[in-house]
Amino acid sequence: MTRPLPEEERIARDRARKQAWWDANPTYRAEHREKNLERLREQNREYMRAQAAEKKRRAREVERVREWSKQNPEKRRAARARYKAANPEKYREAQREYYHRNKEAIRARRDAARTAEQVRAGARRDYEKRDRSKPAKPPSPEQRERHKAQEREKKRVERALARAGLPPRRLQRVLAFEKRNNAAAADEFFDRRRTVKEVAQIRGQDGPTPQALLEGFTETNARLRERLLFRRAVDTHQLAHATRLHRDVLLDSRAREIAGKPPYDTLLEVRRRAANEVREAQARQSGAGRLVEPHRSGAVLRAGSVRELVQANVRAGWRVVPSRAGVAPQQLFLVSDAFDSPRLLTISRGGPEVREFDSAEARSTYLRMWNGGSEASPAGPSAVATRIGSMSQPPSVTSPRTAAAPRR
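Residues numbered from 1 in each chain as written. Predicted model: local features only at pLDDT ≥ 70, side-chain atom pairs only at ≥ 80, totals over all residues. Heavy atoms only, no water.

Caption draft 1: Structural view of the sheet that holds strand β1 (residues 290-292). Read from one edge to the other, the open sheet built from five strands follows the order β1-β5-β4-β3-β2, with strand pairing classed as antiparallel. The open sheet is flanked by β1 and β2 (319-321), the only strands paired with a single partner. Shown here is a sheet whose adjacent strand axes are inclined to one another by a mean of 35°, direction ignored. Bridge analysis of strand β3 (residues 332-336) against strand β4 (residues 343-348) gives five bridges, and the strand direction is antiparallel. Paired with Ser336 across the strands is Arg343, a residue of β4. (Pairing = 2+ DSSP bridges. Helix = DSSP H or I, 4+ residues; strand = E, 2+ residues; numbered from the N terminus. Axes fitted to C-alpha atoms, helices over the stretch in contact; angles between N-to-C directions.)

Below, the structure is given as structure tokens:
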């Protein structure tokens, strides 16, 4: 009597014998299919019909159970509770499998059913319920170093934007489910097929950019470029004259304290004075004069109306520069030579401002630029006061009745 072979060895021998037979008959499958093609097709049709019938039966069963659950919610919950109590492990396993199979659909339903305010309200409730009797866990060295690196990077970006004359970053914080909703909406918008009407509308937008938009874009870029160049010039000037600016600000700040006024903010005042000096230097090079601070201008800058403002400055010794006849002035100009440098008072919609020039010729050149290439001689105080007093209405920088300022 022979001893039976071990199970593993018997399975290995059977597998080797079958493989040897298939190696010896490589065309068996093709020949068998060719001889029994009709019978195999009929078996396949019967199998597919059985599968379809089973699928329909299971769908009807699922629908019947769903309808029964809607009509009997209490019985459904009781049956589920009994099954959960009898098979806790199988219930949890089924829950996990269902979640992993339908993770995206479950998350989408949950995101659609809640709002940002609900999420923040829940977070506030959790924060209030937190046990504060235990001390907070201190951050690890790695967490502390990571936080410091993030802060350094944030400050670096802010400084770079400030040097470039760009506004700071304005980030709007959104919750995770809001990000997912936004991403899903973007995917739906860009992935969906466009209709013929939409395609025609998109192609109709392929024309050249309107000239108004190009001009606005060019003007904005020029303005930002000028602002950037000005800030760079201020940085250079402040660095080159830091000692003098700080000394002057400290002395003026002490004088203000002695007079009972609040001291200067040193950093802000140094920056402001550096900007004023750069602005004056640029104005001197361009021939537009230097702006004089209001408290040092020597002019009356506040009055009830434009006529009263002009009359008050005429009484203070300023002379009105008349405009060309028949031209509605956009600005009123008054001049004065009673100071160290010739000065020009401009009254416009933006408010009055005073400029001083290196010479009367530079002031005349500036006036000719605003007066369309011609310069009228300043009128005397008495004539100006008589003419202004004889007006039936207050002079206006836009009224054609005012003949006291050149056309811009």
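Caption draft 2: The arrangement of the pattern of salt bridges in detail. Tallied over the entire structure, the rule returns 30 salt bridges. The closest approach of N and O atoms between Asp14 and Arg17, which form a salt bridge, is 3.9 Å. Here Asp14 and its partner Arg17 are both found in helix α1 (residues 7-24), three residues apart, which amounts to about one turn of the helix. Asp14 gets classed as partly exposed once you look at its relative accessible area, which sits at 26%. Taking relative accessible area as the criterion, Arg17 reaches 54% and is therefore assigned exposed. As a salt-bridge pair, Glu74 and Arg77 come within 2.5 Å of each other at their nearest N and O atoms. With Glu74 and Arg77 both in helix α4 (residues 73-86) and three residues apart, this pair spans about one turn of that helix. Beyond isolated ion pairs, a larger network of salt bridges with shared partners links Asp252, Glu269, Arg272, Arg273, Glu293 and Arg296. (Salt bridge = Lys/Arg side-chain N within 4 Å of Asp/Glu carboxyl O. Buried < 20%, exposed > 50% of the residue type's maximum accessible area, 1.4 Å probe, protein only.)

Caption draft 3: Structural view of the pairing of β4. Of all six residues in β4, five are buried, a share of seventy percent or more. Once β3 ends, the chain turns through six residues before running back antiparallel as β4. Pairing of β4 with strand β5 (residues 351-356), which is carried by six bridges, proceeds in the antiparallel orientation. Along β5, the bridge assignment pairs Leu345 with Val354. Where β4 hands over to β5, the hairpin turn is made up of two residues, counted between the paired strands.

Caption draft 4: Broad picture of the side chain of Ser341. When you line up the elements, Ser341 lands in the loop between β3 and β4. In contact with Ser341, not counting residues within four places along its chain, are Arg290, Glu356 and Phe357. (Contact = heavy atoms within 4.5 Å.)

Caption draft 5: Summary view of the layout of surface pockets. Size it by volume and the largest pocket reaches roughly 470 Å³. Together, 20 residues line the largest pocket, and Arg272, Asn276, Glu293, His295 and Arg296 are the ones closest to its centre. Elements with a minimum of two residues in the lining of the largest pocket: α12 (242-258), α13 (266-286) and β1. Among the residues forming the lining of the largest pocket, the class breakdown is five nonpolar, two polar and 13 charged. Space inside the second largest pocket adds up to approximately 380 Å³. In terms of lining residues, the second largest pocket is bounded by Gln150, Glu151, Glu153, Lys154, Val157, Glu158, Leu161, Pro168, Arg169, Leu171, Gln172 and Arg173. Residue classes in the lining of the second largest pocket are distributed as four nonpolar, two polar and six charged. (1 Å grid on protein atoms, 1.4 Å probe; cavity = no way out; pocket = protein on both sides within 12 Å on 5 of 7 lines; lining within 4 Å. Points joined across faces, edges and corners; volume = space filled by probe spheres on them. Nonpolar A, V, L, I, M, F, W, Y, C, P; charged D, E, K, R; others polar.)

Caption draft 6: Highlighting the packing of aromatic side chains. Per the stated rule, a full pass over the model turns up six aromatic pairs. Centroid distance Phe357 to Tyr366: 5.5 Å. Interplanar angle 45°. Geometry classified as tilted. Its relative accessible area of 7% is what places Tyr366 among the buried residues. Cation over ring: Arg343 sits above Phe339, and NZ or CZ is 4.3 Å from the ring centre. (Phe/Tyr/Trp six-rings, centres within 6.5 Å; stacked < 30°, edge-to-face > 60°. Lys NZ or Arg CZ within 6 Å of the ring centre and 35° of its normal.)

Caption draft 7: Examining helix α14 (residues 306-315) more closely. Within α14 the residues assigned to the buried category are Leu309, Val310, Ala312, Asn313 and Val314. Residue Gly317 follows α14 closely and has a positive phi angle near 110°.

Caption draft 8: Examining the packing of helix α3 (residues 37-71) against α4 more closely. Where α3 meets α4, the axes come as close as 5 Å, and the angle between the chain directions of the two elements is 110°. Put simply, α3 runs roughly perpendicular to α4. Across the interface between the two elements, Trp68, Ser69, Lys70 and Gln71 of α3 pack against Pro73, Lys75 and Arg76 of α4. Each residue belonging to the contact of α3 with α4 can be placed in one class, and the counts come to two nonpolar, two polar and three charged. (Parallel < 35°, antiparallel > 145°, perpendicular 65-115°, else oblique.)

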